[in-house]
Amino acid sequence: MENPNEKRRQELEKYFDKKGPFVFLRVAQMKRAWQQKNRRELTWWESTYIPTVVSGIWLTSKHFFRNLTLHILHTVGLFKDIPASATYQYPEQPRPLAKRLRTRHRLMKREDGTPRCVACMMCETVCPARCIEITATEHPDPNVEKQPAEFILDLGKCVYCGFCVEVCPEDAIRMDTGKLDTSEYSRESMIYDKKRLMEE
Amino acid sequence: MPKLTIDGKEIEVPSKTTIIQAAEKLGIVIPRYCYHPALPVSGNCRICMVEVEKQPKLQIACYTMVANGMIVKTNSPKVLEARKTVLEFLLVNHPLDCPVCDQAGECKLQDYYMEHGQYDSRLDDTKVKKEKKAFSIGPTVMLDQERCILCTRCVRFTDNITRTNEFGVFNRGDHSQLDVYPGKQLDNNYSGNVVDICPVGALTDKDFRFKCRVWYLDKTKSVCPGCSMGCNITVEWDKSRPHQDKKTRVMRLKPRVNPDVNDHWMCDTGRYDYHFIDKNRILTPQQGDNLISWDQAIDTMAQTIKPLKDSGHLNKIGILASAQLTNEDLFLIRKLFKDTLNGSQIDFRVPQSLGASDDFLLKADRNPNTAGADLILQPAEDADLRDIIQKARNGGLDILYVFGHDLVKLFGKNTVEEISKNVKLFIFQGSNVNETCGYAHLILPSAVYAEKDGTFINSQHRVQRIWPAFTPLGESKGDWEILSLLSAKIGAPISYPNSEEIFDDIASSLALFAEMSYEKIGDQGMMLWY
Ligand code: SF4
Ligand code: SF4
Ligand code: SF4
Ligand code: SF4
Ligand code: FES
């Protein structure tokens, strides 16, 4: 007997030959069409859709009433150890973060409150998004010599690659604030300056 | 002439050549700290050690003279080991300052460590610190003794080149440190050069301090416009990081080696005179207080010049050209105002702008192209700007076209006020705002030397090329481009696609420039024919 797969393969080959190199982009589409053509016929009972609708409503209501009850019980302080829903109640309940996750940057301080950063511009140089802009100035302590007069980090451009942290010889910039929600109303307010990076 | 073999390559060099020089001729660069081609040999750093066959110990390449039949190895295991050891010694007490050190990126300690060092530190003790970190030793230079490797290049420079003897090495052995003599300051006019020759970051430039990291810099060859010596320089600029140094483009000037002109050096007057490139520039054409477009500006000029041209009253045009202009600019002035509008009064010689000078590089004439202007414009002898100014004051001129001169500074306010009243069109064309602008009827922004392609002729009559580092700021244009636009409007078009073609035209029309071209001038310049 003729192997249907073999036949299909030949069909495809012919198709590829005709359509040139970019046809692979359509392979997934063709696969879906193939599956649809070969799917099982629905029985009469199934084709009324009643069983599917009912089972769907059942599942939704089950979770709805379970969560509703649990939320009410939680508010009165009962059954706190059973979570009321499978999702995290963000922003009240933040998701636990992995220890090494790269989150929003901060600039470290010395004991005297000046930035630990010495404006070596390693991070500015390595940053693939070019979102760091440092201007250097004299540090009052001659043993430190140099510090940033301004340290601008445009989070709107940052790709969170963490290169800046890795390259810093002073461990002055870290991405460990655990803050992920840098949403703002304007692009300008996504630009963090030295003060914001050191304090927030 | 002795013949020797270095790394398997044979070479014949004059006797009394050192191994390091012979190797350089073969393209082999032996590491060096204390050796500098323009300074006497000192032989104290020992990084240049090489293996010479039949000699029991390694020899320093910077001091060992070549001999016939010598076989030198610059890369044998013994040599590499020696370099590593020398570096280890040099770095024993060297501070970990690279992040704050302005030399980082062009530091020979860093370079050789990456090339030859790469050892794990064996130092358990804490590094010995000097009493103070970087401190000022003069108006332009900072010294950090901890970073100094005591190569004495700077000492030899002040002893032998400037003969001002400011530096010395004090104390002995482990306690030796470099300093200026008590009560002395490094304040000669060549002090910036010690920063260039210091192989590490011990001597750094105050003007460049913390401004920019050196790896951001682009470099363009040029010629210093500070005086008629025409020292060869490199304009070091940064456009990719505009936040550095308040959006200015040029970060510093460095001398470029040209044995016939400035060797390795340049003076501080020229070195620090670059701020005008980005500051106080004229950005758009102006008529009185109104900003206008180039078209309007050129139209205004043409409307005044054309009637004079048609009626033949060309002696009512006065041109104050400048020796700051390139030969190409001057050639267009010559073509337009001497050939086409024959009869215009042209001069460029300022009566009293002589500055300080010395017997080394700095010349009293603070213009880079006096020789060029003289040759191209050929003004009448024993005359200068004053005759034209006098004429303008008395109402003898309809047009006074000034290229960059600050007339207020030269002739006083009253004179310029009178000129402004008596001349129909007083044009100021220049790069920077000065007091004269306030009296000019028409102000045209022109490019500075770092934005121009062209040539200067120095006081030795050497034609030298400058290259454009970046495009002119704002709407400013090269001087010859402005003249070319003007010539088209008055119906005598002189047009060139670029300054190279202008130079070719100069070369074919002026005998002294015969057979010259940009290619032949190259980056070392070419003497005029005499
Ligand atoms: S995380 Fe990456 S993109 Fe963001 S500032 Fe650091 S280096 Fe630049
Ligand atoms: S790498 Fe570190 S020390 Fe250097 S400029 Fe960036 S934050 Fe500052
Ligand atoms: S002199 Fe060189 S090695 Fe020393 S701190 Fe400066 S850059 Fe680093
Ligand atoms: S300051 Fe620089 S040039 Fe002078 S001795 Fe020290 S390392 Fe050499
Ligand atoms: S370069 Fe030869 S000893 Fe310093």
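I keep staring at the interface of chain A and chain B and nothing clicks. Help me out?
Much of the literature gives interface size as the accessible area that the parts lose upon coming together. Contacts between chain A and chain B engage 21 residues on the former and 16 residues on the latter. Per-residue buried area on chain A facing chain B is highest for Arg130, Glu145 and Lys146 of chain A; these three make up 33% of the total on that side. In this structure, the connection of chain A to chain B is made through four salt bridges. Two residues, Arg209 of chain B and Glu145 of chain A, come together in a salt bridge whose shortest N-O distance is 3.0 Å. Joining chain A to chain B, the criterion identifies twelve residue pairs in polar contact (both at pLDDT 80 or more). Those elements giving two or more residues to the side of chain A that touches chain B turn out to be α4 (122-126) and β2 (132-138) of chain A. It is β2 of chain A that contributes the most residues to the side of chain A that touches chain B, six residues altogether. Classifying every residue of the side of chain A that touches chain B gives ten nonpolar, four polar and seven charged.

In this structure, what is going on with the site of ligand 3? I would like to understand it.
Lining the immediate environment of ligand 3, one finds His94, Asp97, Cys98, Cys101, Ala104, Cys107, Leu109, Gln110, Arg147, Val200 and Gly201 of chain B. Here the residues of the shell around ligand 3 are counted per class, giving six nonpolar, three polar and two charged.

Explanation requested: the sheet that holds strand β12 (residues 232-237) of chain B in the structure shown.
In any sheet, the strands associate via hydrogen bonds between backbone groups, in a parallel or an antiparallel arrangement. Residues and elements named next belong to chain B. The strand order β11-β12-β13 describes an open sheet built from three strands, whose pairing is antiparallel. Every interior strand has two partners, whereas the edge strands, β11 (218-223) and β13 (250-255), have only one. When strand polarity is set aside, the average angle formed by the axes of neighbouring strands in this sheet is 30°. Pairing geometry for β11 and β12, over six bridges, is antiparallel. From the neighbouring strand, Lys219 faces β12, where its bridge partner is Glu236.

Sorry if this is basic, but what is going on with the pattern of salt bridges here?
Pairing between side chains of opposite charge can happen when their charged atoms approach one another. Residues and elements named next belong to chain A. The full count for this structure, using the stated rule, is 39 salt bridges over all chains. A salt bridge links Arg106 to Asp176; its shortest N-O distance comes to 2.7 Å. Here Asp176 lies in the loop between β4 (173-174) and β5 (191-192) and Arg106 lies in strand β1 (residues 106-107), a separation of 70 residues in the sequence. Since its relative accessible area comes to 27%, Arg106 is described here as partly exposed.

Whenever I open this one, the packing of aromatic side chains confuses me. Can you help?
Residues and elements named next belong to chain B. Scanning the entire structure with this criterion turns up 13 aromatic pairs over all chains. Note on Tyr190 and Phe360: the rings are 4.8 Å apart at their centroids and 50° apart in plane angle, and the pair reads as tilted. Within this pair, whereas Tyr190 is found in the loop between β9 (177-180) and α5 (192-197), its partner Phe360 is found in the loop between β17 (345-347) and α9 (370-377), the two being separated by 170 residues in sequence. Here Tyr190 falls in the buried class, since its relative accessible area comes to 5%. With centroids separated by 6.0 Å and ring planes inclined at 90°, the aromatic side chains of Phe337 and Tyr401 adopt a geometry described as edge-to-face. Of the two residues, Phe337 sits in helix α8 (residues 327-340) while Tyr401 sits in strand β18 (residues 399-403), which places them 64 residues apart along the sequence. Judged by its relative accessible area of 1%, Phe337 is buried. On the basis of relative accessibility, which here comes to 1%, the residue Tyr401 falls in the buried class. Through a chain of ring-to-ring contacts, three or more aromatic side chains come together here, namely Phe337, Tyr401 and Phe403. Of note, Arg252 hangs over the ring of Phe208, and the distance from its end group to the ring centre comes to 4.5 Å.

Looking at this model, I keep getting lost on the domain arrangement of chain B. Mind explaining?
Examined at the domain level, chain B breaks down into domain 1 (3-75), domain 2 (98-104 + 120-205), domain 3 (218-277) and domain 4 (286-527). Here the C-alpha centroids of domain 2 of chain B and domain 4 of chain B sit 45 Å apart.

Even after reading the chapter, I still don't get the packing of helix α2 (residues 77-90) of chain B against helix α3 (residues 108-117) of chain B, so can you show me in this structure?
Between two packed helices, the angle of one axis relative to the other and the distance separating the axes together describe the packing. All names here are of chain B. With their axes 9 Å apart at the nearest point, α2 and α3 run at an angle of 140° to one another. Considered as vectors, α2 and α3 are oriented oblique to each other. Crossing of α2 over α3 shows left-handed handedness. Residues Leu80, Arg83, Lys84, Leu87 and Leu90 of α2 touch α3, and the partners they reach there are Leu109, Tyr112, Tyr113, His116 and Gly117. Its residues assigned to classes, the contact of α2 with α3 shows six nonpolar, two polar and two charged.

What's the story with the site of ligand 4 in this structure? I'm lost.
As a structural note, the neighbourhood of ligand 4 is formed by 13 residues, with Cys148, Cys151, Thr152, Cys154 and Cys198 of chain B the closest of them. The residue inventory of the shell around ligand 4, partitioned by class, reads eleven nonpolar, one polar and one charged.

Help me out: how do you make sense of a nonpolar patch on the surface in this one?
Where nonpolar side chains cluster on the molecular surface, the patch consists of Leu42, Tyr49, Val53 and Ile57 of chain A and spans about 420 Å² of accessible area. If you trace the backbone, Tyr49 of chain A turns up in the loop between α2 (27-37) and α3 (50-75).

Would you explain the pairing of β12 of chain B in this entry?
One face of the sheet, then the other: side chains in a regular strand alternate in exactly this way. Residues and elements named next belong to chain B. Burial analysis of β12 places six of its six residues in the buried class, which makes it a mostly covered element. Side-chain alternation along β12 places Asn232, Thr234 and Glu236 on one buried face and Ile233, Val235 and Trp237 on a second face that is also buried. Judged from the five bridges that link them, β12 and β13 form a sheet pairing that is antiparallel. From the neighbouring strand, Glu236 faces β13, where its bridge partner is Arg252.

Help me understand unusual backbone geometry in this model?
Note: most residues except glycine have negative phi, and most peptide bonds are trans. Residues and elements named next belong to chain B. Unlike most non-glycine residues, Asn165 shows phi in positive territory, near 50°. Note that Asn165 resides in the loop between α4 (153-161) and β8 (167-170). On the basis of relative accessibility, which here comes to 35%, the residue Asn165 falls in the partly exposed class. Of note, Lys246 is a non-glycine position whose phi angle comes to about 50°, a positive value. Looking at where Lys246 falls in the secondary structure, it is placed in the loop between β12 and β13.

Sorry, what's going on with the confidence of the model for chain A here?
Should pLDDT be low for a region, the predicted coordinates there are not to be read in detail. Taken residue by residue, chain A gives an average pLDDT of 87. The fraction at 70 or more is 88%. Mean pLDDT values over the elements of chain A span from 69, in α2 of chain A, up to 97, in helix α5 (residues 163-167) of chain A.

The rules behind each value
Throughout, a residue's number is its position along its own chain's written sequence, starting from 1. Each chain is given a letter, starting from A, and each ligand a number, starting from 1, according to the order in which they appear as written. In view of the model being predicted, local features appear only for residues whose pLDDT reaches at least 70, and side-chain atom pairs are presented and counted only at 80 or more, with totals across whole chains, interfaces and linings using the full set of residues. Side-chain measures were taken over the full set of non-hydrogen atoms in the model, leaving aside hydrogen atoms and water. Residue contacts are defined here by distance: any two heavy atoms, one from each residue, within 4.5 Å place the two residues in contact. Buried area is a sum: the accessible area each of two parts loses on coming together, probed at 1.4 Å, counted once for each and added. Here, a salt bridge means any side-chain nitrogen of Lys or Arg that lies within 4 Å of a carboxyl oxygen of Asp or Glu. A 3.5 Å cut-off defines polar contacts: any pair of N or O atoms within that distance qualifies, except that in protein one atom must be a possible hydrogen donor and the other a possible acceptor, and neighbouring residues in sequence count only when both atoms are side-chain atoms. Helix numbers and strand numbers start at the N terminus; a helix is a DSSP run of H or I with at least 4 residues, a strand a run of E with at least 2. Here the term charged refers only to Asp, Glu, Lys and Arg, the term nonpolar to Ala, Val, Leu, Ile, Met, Phe, Trp, Tyr, Cys and Pro, and the term polar to all other amino acids, Gly among them. Consider each residue's heavy atoms; a residue with any of them within 4 Å of a molecule or strand counts as near. DSSP-based pairing: two strands are paired if at least 2 bridges between them are found. Note on method: axes are straight lines fitted to C-alpha atoms, helices fitted across the in-contact stretch only, with angles between N-to-C directions ranging 0 to 180 degrees. Using a 1.4 Å probe on the protein chains alone, a residue whose accessible area is under 20% of its type maximum counts as buried, one over 50% counts as exposed, and one in between counts as partly exposed. Working definition: rings of Phe, Tyr and Trp (its six-membered ring) pair if their centres are within 6.5 Å, and the pair is stacked with planes under 30 degrees apart, edge-to-face with planes over 60 apart, and tilted otherwise. Distance and angle both matter: a charge sits over a ring if NZ of Lys or CZ of Arg is within 6 Å of the ring centre and within 35 degrees of the ring normal. In this entry, domain limits derive from an automatic or database-based domain assignment. For classification, angles of less than 35 degrees are called roughly parallel, those exceeding 145 degrees roughly antiparallel, those between 65 and 115 degrees roughly perpendicular, and all remaining angles oblique. We call a crossing left-handed when the near helix sits turned anticlockwise from the far one by less than a right angle, and right-handed when that turn is clockwise. Patches here are clusters of residues that have more than 30% relative accessible area and form no salt bridge, with a 9 Å joining cutoff for like charges and a 5 Å cutoff for nonpolar side chains (Val, Leu, Ile, Met, Phe, Trp, Tyr). Methods summary: accessible areas were calculated by the Shrake-Rupley approach with a probe of 1.4 Å, and residue burial reflects only the protein chains presented. By definition, pLDDT measures how confident the predictor is in each residue, and it falls between 0 and 100.

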